[in-house]
Amino acid sequence: MRVLHTSLECYPFAKVGGLGDVVGSLPKYMTDLGCTTDVVIPYFDNKKIDQHESELIYNGSVSLGKYIFDFEIRKLFSSSFGFEVYLVYQKDLLFRPNVYGYEDDTERFIVFQLAVLDWLVNLETKPDIIHCHDHHTGLIPFLVSHVDAFQSLQDIPTVLTIHNAQYQGQFSYDKLDYIPQFDLHNIGLLDWDNCINPLATGIKCAWRVTTVSPNYMQELQHQANGLEGLLSHEKAKCIGILNGIDHDTWNPETDPLIIKNYNTNTIVSGRKANKKWLCKHYNFDIEKPLFAFIGRLVYEKGADLLPDIVAEALQHLDVSILILGSGNTEVELRLQNLKESFPNSYNTYIGYDEKLSHIIYAGADFLLMPSRVEPCGLNQMYALRYGSIPIVRRTGGLKDTVIDIGEDGFGICHNRANIQDVYNSIKRGVEFYNVQKKYRKTQKEIVKIDHSWNNSAKQYIELYKSLKQLQ
Ligand code: ADP
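This text gives an overview of the structure that appears in the document. (Residues numbered from 1 in each chain as written. Predicted model: local features only at pLDDT ≥ 70, side-chain atom pairs only at ≥ 80, totals over all residues. Heavy atoms only, no water.)

### Let's talk about the site of the ligand
To keep things clear, this is the line we draw: It suffices for a single heavy atom of a residue to lie within 4 Å of a molecule or strand for the residue to be listed as near it. Polar contacts, as used here, are pairs of N or O atoms within 3.5 Å; protein pairs need one atom able to donate a hydrogen and one able to accept it. Residues neighboring in sequence count only if both atoms are side-chain atoms. Values of accessible area rely on a 1.4 Å probe in the Shrake-Rupley scheme; residue burial ignores everything except the protein chains shown. In this description a helix means any DSSP run of H or I spanning at least four residues, a strand means any run of E spanning at least two, and both kinds are numbered starting from the N terminus. All amino acids are sorted into three groups, where Ala, Val, Leu, Ile, Met, Phe, Trp, Tyr, Cys and Pro are nonpolar, Asp, Glu, Lys and Arg are charged, and the leftover types, Gly among them, are polar.
Close contacts around the ligand come from 20 residues, with Gly18, Asp21, Arg296, Lys301 and Tyr361 the closest. Within the side chain of Asp21, a nitrogen or oxygen atom sits 2.6 Å from an oxygen atom of the ligand. Here the ligand has 560 Å² of accessible area as a free molecule, and 93% of this is covered by the chains. Listing elements by their share of the shell around the ligand, those giving two or more residues are α1 (18-32), β12 (290-297), β13 (320-327), α11 (354-363) and α12 (379-386). Class assignment for the residues of the shell around the ligand results in 6 nonpolar, 8 polar and 6 charged.

### Observations regarding the pattern of salt bridges
Applied cut-off: A side-chain nitrogen of Lys or Arg and a carboxyl oxygen of Asp or Glu constitute a salt bridge if their distance falls within 4 Å. Buried, partly exposed and exposed residues are distinguished by accessible area as a fraction of the type maximum, computed with a 1.4 Å probe on protein chains only: under 20%, between the cut-offs, and over 50%, respectively.
One pass over the full model with this rule turns up 22 salt bridges. In this structure, Arg2 engages Asp38 in a salt bridge whose closest nitrogen and oxygen atoms are separated by 2.9 Å. Of this pair, Arg2 sits in strand β1 (residues 2-6) while Asp38 sits in strand β2 (residues 36-42), placing them 36 residues apart in sequence. Among the residues examined, Arg2 registers a relative accessible area of 30% and is labelled partly exposed. On the basis of relative accessibility, which here comes to 6%, the residue Asp38 falls in the buried class.

### A closer look at helix α5 (residues 198-205)
In terms of burial, α5 is largely enclosed, as 8 of its 8 residues are buried. The set of residues buried in α5 consists of Pro198, Leu199, Ala200, Thr201, Gly202, Ile203, Lys204 and Cys205. Regarding α5, its N-cap is Asn197, as a side-chain oxygen of that residue lies 3.0 Å from the backbone nitrogen of Leu199 further along.

### A look at the packing of helix α9 (residues 306-316) against helix α10 (residues 329-341)
Put simply, the rule is: Helix axes use the C-alpha atoms of the stretch in contact, all axes being lines fitted to C-alpha atoms, and the angles between their N-to-C directions lie in the range 0 to 180 degrees. Orientation labels follow simple angle bins: below 35 degrees gives roughly parallel, above 145 gives roughly antiparallel, 65 to 115 gives roughly perpendicular, and whatever is left gives oblique. Note on convention: the crossing is left-handed when the near helix lies turned anticlockwise from the far helix by less than a right angle, right-handed when the turn is clockwise. Whether two residues are in contact is decided by their heavy atoms: any pair within 4.5 Å suffices.
Remark: α9 packs on α10, axes separated minimally by 9 Å, with the N-to-C direction vectors making an angle of 20 degrees. Viewed along their axes, α9 and α10 adopt a mutual orientation that is roughly parallel. Pair α9 / α10 crosses with right-handed handedness. Of the residues in α10, those in contact with Leu306, Pro307, Asp308, Val310 and Ala311 of α9 are Arg334, Leu335 and Leu338.

### As for the packing of aromatic side chains
The description of an aromatic ring pair uses the distance of the two centres, along with the angle that the planes make with each other. For the record, the criterion: Working definition: rings of Phe, Tyr and Trp (its six-membered ring) pair if their centres are within 6.5 Å, and the pair is stacked with planes under 30 degrees apart, edge-to-face with planes over 60 apart, and tilted otherwise. To sit over a ring, a charge needs its Lys NZ or Arg CZ within 6 Å of the ring centre and within 35 degrees of the ring normal.
Tallied over the entire structure, the rule returns 20 aromatic pairs. When the centroid spacing of 5.6 Å and the interplanar angle of 65 degrees are considered together, the rings of Tyr361 and Tyr382 count as edge-to-face. Separated by 21 residues along the polypeptide, Tyr361 in helix α11 and Tyr382 in helix α12 bring together distant segments of the chain. An angle of 45 degrees between the planes, with centres 5.8 Å apart, marks the rings of Phe366 and Tyr439 as tilted. A residue pair is termed long-range when its members are at least 10 positions apart, and Phe366 in strand β15 (residues 366-369) and Tyr439 in helix α15 (residues 436-446) qualify at 73 residues. One residue, Arg96, lies across the ring of Tyr102, its end atom 4.7 Å from the ring centre.

This is the structure in structure tokens:
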């Protein structure tokens, strides 16, 4: 069986968040399980892609209304990723430094999807399954089943994975002519709330819909940024499969990005060396427990709560806090300003830094995740793998993956996304840290938890097999 993943992100070539990690690791595990897996993403203007040689394998063009866009499909030479990587090179719309955030993102995503399908139509050996990720590729299930030009692909089963239902990619009917000719009787499939909504379209048209954790699947029936009714209606074809992590990239024993590698036997000294580096760089006292946050500084992650949490915690508790992230400019500013008030116990790096994130997982004693919405969350799994205790709000995938220490578990959980709940959890963290014997024992246990893709990749393969039987 051959599966093609279509996505905007794929680590290490393009990563903004968890989507990049998932598409950069799930295919490797699927290939290991005997399911040949390819990935196609845009060719971005970045070093991570440019440093690899690629071969031109297809030239094509697609139209968006009256505009025509030439593109190339290039295949990366290196086989060291564990799967084949294909890139859509389109110089005007896709060959840009950032993945998202442009005014013409709608046009960019549609050109990407049309280019992939134009290539597949002309490909001799077609994939057995097309697996789409998030709204950026959510139109594909509609395009293959209803657009005349892609008729030769209509029997290929499509799977849509919702990594985050908050973002749906809606655009107005002024842009309807971007969709190549189809029977207008089917226009309702594109519609949600009088807009063309790619995520809703994907949910309606994909053969199966998955979300990134079982609990998130349940939550979406009641809270899905306007798509609750649709998701309830389509419940029968929806399934929640927990994301996994890449145990090769995220391995404290071999991770080249951290200061000192370690395994279960050397965890105490290894983590101490990483914490020492963080304390030196960010001016903390190594004796105090270090709490960290890594992530997008957005409302969903509870980032707006962080400045008050920091102030409250540092006024009353003897701890250090480090925040790595970027996003909402007001939150960024408030976090920067706090540095003056707590020069020896608080610091922040506003920006994206992959290396620093790895050192934090390896050196911080606790990882804070006060999320309002967390479809799966990978940070808590990385924290566990590196021996840092996660402090999470019970929501989405966090509920599926973290058990509270009060219930014989290994993390600290609270129910509400507010300052008081997070503060209480930090306080519990300090108490837990002060009983060093128990704290160290838990650390040694959590690094052994298997959150790799092994299990979930098998579930995806079962799902693909069930779809092939329907064909
Ligand atoms: P989401 O996809 O919603 O942003 P996830 O928990 O699924 O959240 O994945 C987040 C991924 O992005 C993790 O690998 C995390 O380490 C990484 N990450 C987020 N923000 C940063 C940052 N500022 N610097 C480095 N890595 C980051």
